[in-house]
Structure formats: C-alpha cells, structure tokens
Amino acid sequence: MIKLKKLLFIIPLLVISVISLIPFYFIISMATHSTSEIYQGNLLMFGGKLVENIQTIIEGGFLRYYWNSFYTASISGILCVFISAMAAYALTIYRFKGREFLSNFILASMMIPGQISLIGYTIEMKNLNLINTHIPLILVWGASAYGVFFITQYLKNSLPKELIESARIDGSGEFRTFISIAMPMIRPAIGTLFMLVFLWSWNNFLMPSTVLTQSNKFTIPLGIQTLATAYTQDWGARGAALAIAVLPILIIFSIGSKYFIKGLAAGAVKG
Amino acid sequence: MKKSINKIAALAIAMTMAAGLIAGCSTKNSESTDSDKSVTQEGSNETVSSDDYSQPLPEDYEGTLTMWGWDDPYYKAVTDAFMKKYPNVKFEYTPMANGDTLQKYQTALATGTELPDVAWSIIDSRAKVFELDMWEDLSHAPYNFDISEVYEYLHPKMVNSKGQVCGIEQSLCPAGIAYRKDLAKEYFGTDDPKELEKMFPDWKSFIAKGQEVYEKSGGTIYMWPGLADAQQFIREQGGKTWIDGTVIKVTENFQRSLNLTCEFRDTNIVDKLEAWTPAWYASFGEGKHIFAGCATWSVPFTIEPNDPEGETTGHWGLMNAPEGNISWGGTTLGISKTCKDKRLAWEFIRFATLSTEGAKALNSIGLLTSAIKPYEEAPELKSFKSKWFGDQDLGAYFLDEIIPNIKSRNMNLDDNVVHETLNLISTTLNNDRNMTADQAMAKLKEELEMKLPDYTVE
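Residues numbered from 1 in each chain as written. Chains lettered and ligands numbered in written order. Predicted model: local features only at pLDDT ≥ 70, side-chain atom pairs only at ≥ 80, totals over all residues. Heavy atoms only, no water.

Caption draft 1: Up close: the overall build of chain A. Counting secondary structure elements, chain A contains 14 helices and zero strands. Secondary structure elements of chain A, listed N to C terminal, follow the sequence α-α-α-α-α-α-α-α-α-α-α-α-α-α. Each of the three principal axes of chain A carries a C-alpha extent, and together these read 70 × 70 × 30 Å. Counting the 271 residues in chain A, one finds 42% classified as buried. (Helix = DSSP H or I, 4+ residues; strand = E, 2+ residues; numbered from the N terminus. Buried < 20%, exposed > 50% of the residue type's maximum accessible area, 1.4 Å probe, protein only.)

Below you can see the structure in the form of structure tokens.
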C-alpha cells in the first residue's frame, strides 16, 4: 500500500521531469545535426555533425563571446552582492533621517522596467565614453534595487542586532563588523543573489545589443544570434552554442543549489 | 575624533575614485580625439589628392570602414575582392540579425552612439529605415550616383519618400518559380521551361492542371508547399503601391490574390505548410511539391541545402511564373551621415555594387550584380549554374527571362504592417478551411483599421 502511494507520487514527478528535460535533450541533439537534418525533424537520434557545428561556432568567435559573458557575469554578480549587502546592512542596522523614504524609494524603483531606463543609461555610458566596453554591462548591477530588497529581507530576520552591538562593544569597526559578522550570517542570500545576477547577466540580450557594436566585445546571446545569414539560420551551430552556453548555469546551480533554495525560501517566506 | 577621521577618509576615497573615473574617461576622450584626428587627416589627405568622387582612389589609400551586416558570405566575397585592390583598407564587421536593423539604427540615433560607416538595409524594414535621418543622398554631390546605372525594377526600392537615394542594391533578387523536373515530366509530360510557361500562362490554368495532379496522384503531390507563400507571390505581382497617401488600397491590391488563395485551398492543389518552418524547408527535398517561388538567393539558401539528392540528379528547373515575376528580398548598401571616411565608403559601395570587379566577386557566390554595365563589359557574368538545376543557366534565365516580367511597386512606411496582416490572414485561411475570400477580405480590412487607424482602408 505504501509502495503504491509512493509510486503514485513518483510517477507524476517523473513525467514532469521528463517533460522538463526534453528541450535540453533536443538542444544537445540539435548540436549533432546539420540544419537540413534538423528540418527533416529527426531529433530523437543523435547525428554526426557535432564536430562541424563546434568548428562553426569556434570560427565564429564563440570562445571570445564565452569569455566575455563569463567574466562580465561573474564581476556583475560580485559587484551586485557587495553593494546590495552594504546598502541593505545600512538600511537594516542604522537609524538615520530619510531611511524609510530611501527604503520605499528603492522598493518603488523595482517597479520600473529596465527597458524604460535603457536609453537614458546608454546616453550616460556614451557620455562617459564607455560604449563598446563591458563596463556598462557590469555597472548596471551596481545599483540593483532587487538585490538591496532581497538582502534587506534576509538581514532583518537573520542578523540579531545584539550581535552587532556586541561586536561594537568589543571594539570592532563598522566595516569589519559588516565583513566579519554580517556577511557570514547571510551566506545563503549572498549565494542566491550571486547566482541570480550571474544568470540574468549571462542571458541578457537587450543591454549588450544596445551598448556593444563591435563583434569582439559580444556576449553569448549576441553571438548566437549572429549564426545566421540573410536567408538562413544555422540551427545546428546554434544548438551547439546553446548546449555549451547552458553548461556554466548548470554547474553553478549544481554547486550552489543548497544555498539557492535556502536563500529563496528565507527571502520569500520571512520578512 | 575617530568618527571624523573616518568621515574624512571616506570622503578622500570617494573623491579619489571619482577622479579615477573622470581621468579614465578623459584618457578615452583624448584617445578618441586622436583617432578622429587621424581619420580627419586621412580624409584631408585624400581630399587633397582626390576630391573628385568619380575618380578611383589611389591603390595605397589607407582607411577603415565599419559595417553591420547579416550575410557573412557576401561580406567576405566583396571585402576580400576590395582589399585585393586596396590592401591598406581595413573593415570592422559586426554581425547582426536582419530583423534588428530598424531597432539598432533607431537606438544608435536616439542615444547618439556610433552608426556603421556603411549601413545595410533589408527590404522588410527598408521603408522605415530609409526615413531615419542617417543617410547620405547618393544621387547628390559629391557622390552623383546615377540611378539608371542599375536595373529599373529596383529603382523604387532604393529611394525614400523624399526621393533621396539612400542605398544601392547589393544584388538582384528577381524571383520566378522553380519546379521539380521529374514531377513535371510525370504529370505534365514535359520538363522544358518554355513549354511549361505556355502551359501555365495564368493562375487559372495553374489551378486546372493542379486539380489533374491531385486526382492523378491520389492527393499525394501538390502544386505548391503552402498557402502563405503562394499568396505572397501572387500579391507581389500587382506592381501597384499598397498605400496611396492616407488610403490603403486593400480591395484593389488583394482581392484577387485572396480569391486565388481560396481557390488553391478549396481545390486541394496546395499543401498546408507554413512558410519558413522546418517542414517547409524540408519539403524541398521530399519530392511532393512541384513548384515553389524561387529568387536568386533561394538556390543556395533554400533548395541546395535541403535537397541533397538534387546535386546529382539535377532535378530542378526555373521558369517564369504565371502572370509575371516578382522582386523578392534584397539588401542595400548606403553611407551613414556619421561615416568617418565618406570618400572611402563611396569607393567601396561603388566597387561592390556597380563595378565589374565587384560583379565578379558576387558571381563567385552565385549572386548577380544589380548594375547593368558589368554585364556589358563582361557578358560571362550573366551566367551562373547550379548542379541542382542541371545544365540550365540560371543567371541568364533570371536576367533575360525573369527580370523583364517584373512589376515593381513603390515602398510605403507601413507596408510591413500590411504584409504581416496578410500573412496572418493566410494562416487563418489555412487553418479555417471554411473561411471564404470575402470573409478573409473583411477580416483583413478590420485588422488594418485597428492596426493603422490613421489610414482609410478601401
């Protein structure tokens, strides 16, 4: 009876898992076929064009796009976590004039879609002579309202103020208290935010397509889009590029999934 | 005391960071000014040496051109040929999707960021792209381009609403129809293009023969892969402008094509494939569809990659379409107003689109130059063949047979909205087999009135 109940529970989960994994299977299968083979529709079996497709994407500068994406996403994640944590710490621990207004302002700015501010941001970057560099892609994460909000929520529930008081009484400076006491206590939130920002930056298309016009500066989403001509798309090469592009996300999520789930649950439920 | 020291330290660090940022920017500023100067110097050098844009540049001329484009084989063929003549010229090429053209140019204009020196424009968005304040008028000084140098049917597609020539077509894109010779022989008793053209003078005869094919094959062989691409071909044959001032002439331009589309559907002579889908591409290798629209680019991009058997059997042919041919696709090359070396940009465009050397480079990738003179200077440029079409000289057929039967229409700003709505109607006709041509027309008008409220829909 218990086994039957378990089966009833497991079978739907298996079905859902298979449905979720099928697109990944097709992406990997696409990477092994030529475009015309893909059009024939036989994606269940792997083909023999993997090497050719990988050659195409490497010749198209994919390794450079990969590196560009990797380092901009990594620095974006670190920058966002660090600045968001500092801002959240200040908003949670300090009592100062305008704190409420500032909190509400940050919260309100989350409601504005990024696309609206894109033109203004691009003009700003142009005036700073930063167009066709990766700095605009990184800098934008330095002022993440979501990051501040997320860590503030976590800090409110995970950081006892008494601990901060004790550290101060023991003579710890503010920055040291922040780094040595507060940061370790919010590790799951830091890990989660880093992963989210990495993912968003990795997949970002709109911002790079606006501020980058030199192909050697392209990130992966822009690079994948260029695997086409006026009248055709190279779906095999695109499949190979997508399969490789997904790898870092899978690795990072596998490593940090414990923190990710913990961080999301804490940020979402408590508060 | 400690607090105030901390404050001072924080302020000092902040100021240092800001100074660093500003210093970084100013360094970049001075760099860009230097590079601007060097370009200006190059420009001024050539201005001294060759102010006359009609004369070729000296072969040791140095310069760099930026380009954003979506056709690597084309880019490589023409720039390689150009760099053989001008070895000191460099190109900075940025690949982009052709569907992004309008958005990319608009964003660059809105933000003041750099536009490419040589700007491409695909036919789909060209009417809107040509209205952007970014183009040099090539028909005026110093370029003085004479539009009669290129085939006449292309003229309306190279100018904006003010009559300014904003670009020159990279190549000719005439379209007739391709047919499977094996199927034509089996069902019509001939695979000769001339005899087939006599057999199909109009779409009515096409439908009548299609019904015979349907009955003879038991419904397994079709005349055309899909309704939408058939409808698109027929509506482009009209050659009349879709929008006249503030009036969209829907009935005049589309009633006939909708009637024929419904007849195609109701007589089962056309398959149900959606154009540009994997199944549609695959259909070129299946041998179930006798005819398909065929532009110059269809040969290397649509037919050859999707019909591996065709390379050895050569079972394709090219012929005039019933009731005339169309211009299908195309990309222009123009010079942006912000181009840093307009003299060099013009030299390149003239080479790529008007010269015999450029035409040879195009011929090597199976494309035909849009200029008339290269064919007079080197008649062999008229010829290109594909193994998929056996011995038929496709180049000569496109030039001598297809092009004279093309009626080209003027572009309008909102053509693409009409075009997309018509595609939507075609899809609806495909899915709803009971929808009549009149109902489709009513739906089309209703959609256009909603999408383009500033126009009168007739």
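Caption draft 2: Expanded view of the pattern of salt bridges. All names here are of chain B. Scanning all chains against the criterion turns up 29 salt bridges over all chains. For Glu 263, the salt bridge identified is with Lys 204, shortest N-O distance 2.6 Å. Of the two residues, Glu 263 sits in helix α9 (residues 250-266) while Lys 204 sits in helix α7 (residues 203-217), which places them 59 residues apart along the sequence. Residue Glu 263 is classed as partly exposed on the basis of its relative accessible area of 27%. Under the relative-accessibility criterion, Lys 204 is labelled partly exposed at 47%. (Salt bridge = Lys/Arg side-chain N within 4 Å of Asp/Glu carboxyl O.)

Caption draft 3: Just the packing of aromatic side chains, in detail. All names here are of chain B. Tallying each qualifying case throughout the model produces 56 aromatic pairs over all chains. Geometrically, the ring pair formed by Tyr 75 and Phe 91 is edge-to-face, given 6.4 Å between the ring centres and 85° between the ring planes. Taken as a pair, Tyr 75 in helix α2 (residues 72-85) and Phe 91 in strand β2 (residues 89-95) lie far apart in primary sequence, 16 residues in all. Since its relative accessible area comes to 12%, Tyr 75 is described here as buried. The exposure class assigned to Phe 91 is buried, which follows from its relative accessible area of 12%. For the pair Tyr 151 and Tyr 375, a centre-to-centre distance of 6.2 Å together with 70° between the ring planes defines the contact as edge-to-face. In this pair, Tyr 151 is assigned in the loop between α4 (123-129) and β4 (168-169) and Tyr 375 in helix α15 (residues 373-377), connecting sequence segments 224 residues apart. Comparing Tyr 151 with Tyr 375 shows no difference in burial state: the two are buried. (Phe/Tyr/Trp six-rings, centres within 6.5 Å; stacked < 30°, edge-to-face > 60°.)

Caption draft 4: Region of the structure containing the packing of helix α4 (residues 62-93) of chain A against helix α10 (residues 174-185) of chain A. Residues and elements named next belong to chain A. Direction vectors running N to C along α4 and α10 enclose 105°, while the axes themselves pass 11 Å from each other. One finds that α4 runs roughly perpendicular with respect to α10. On α10, the residues that touch Phe 82, Ala 85, Met 86 and Tyr 89 of α4 are Glu 174, Phe 175, Thr 177, Phe 178, Ile 179, Ala 182 and Met 183. Residue classes in the contact of α4 with α10 are distributed as nine nonpolar, one polar and one charged. (Axes fitted to C-alpha atoms, helices over the stretch in contact; angles between N-to-C directions. Parallel < 35°, antiparallel > 145°, perpendicular 65-115°, else oblique. Contact = heavy atoms within 4.5 Å. Nonpolar A, V, L, I, M, F, W, Y, C, P; charged D, E, K, R; others polar.)

Caption draft 5: Expanded view of the pairing of β2(B). All names here are of chain B. For β2, the buried fraction is high: five of the seven residues fall into the buried class. One ladder, built from seven bridges, connects strand β1 (residues 63-69) with β2; its direction is parallel. Residue pairing across strands places Gly 63 opposite Val 89, the latter belonging to β2. With α2 bridging β1 and its parallel neighbour β2, the resulting β-α-β unit is right-handed. (Pairing = 2+ DSSP bridges. Right-handed = clockwise from strand over helix to strand, strands pointing away.)

Caption draft 6: Spotlight on the interface of chain B and chain A. Contact residues are listed per partner, giving 32 residues for chain B and 26 residues for chain A. At the boundary of chain B with chain A, total buried surface from both sides reaches about 2,600 Å², with 58% on carbon and sulfur atoms. Remark: the boundary between chain B and chain A carries zero salt bridges. Of all the secondary-structure elements, those providing two or more residues to the side of chain B that touches chain A are α1 (2-49), β2, α3 (101-111), α10 (278-282) and α11 (298-306) of chain B. (Buried area = accessible area lost by both parts, 1.4 Å probe.)

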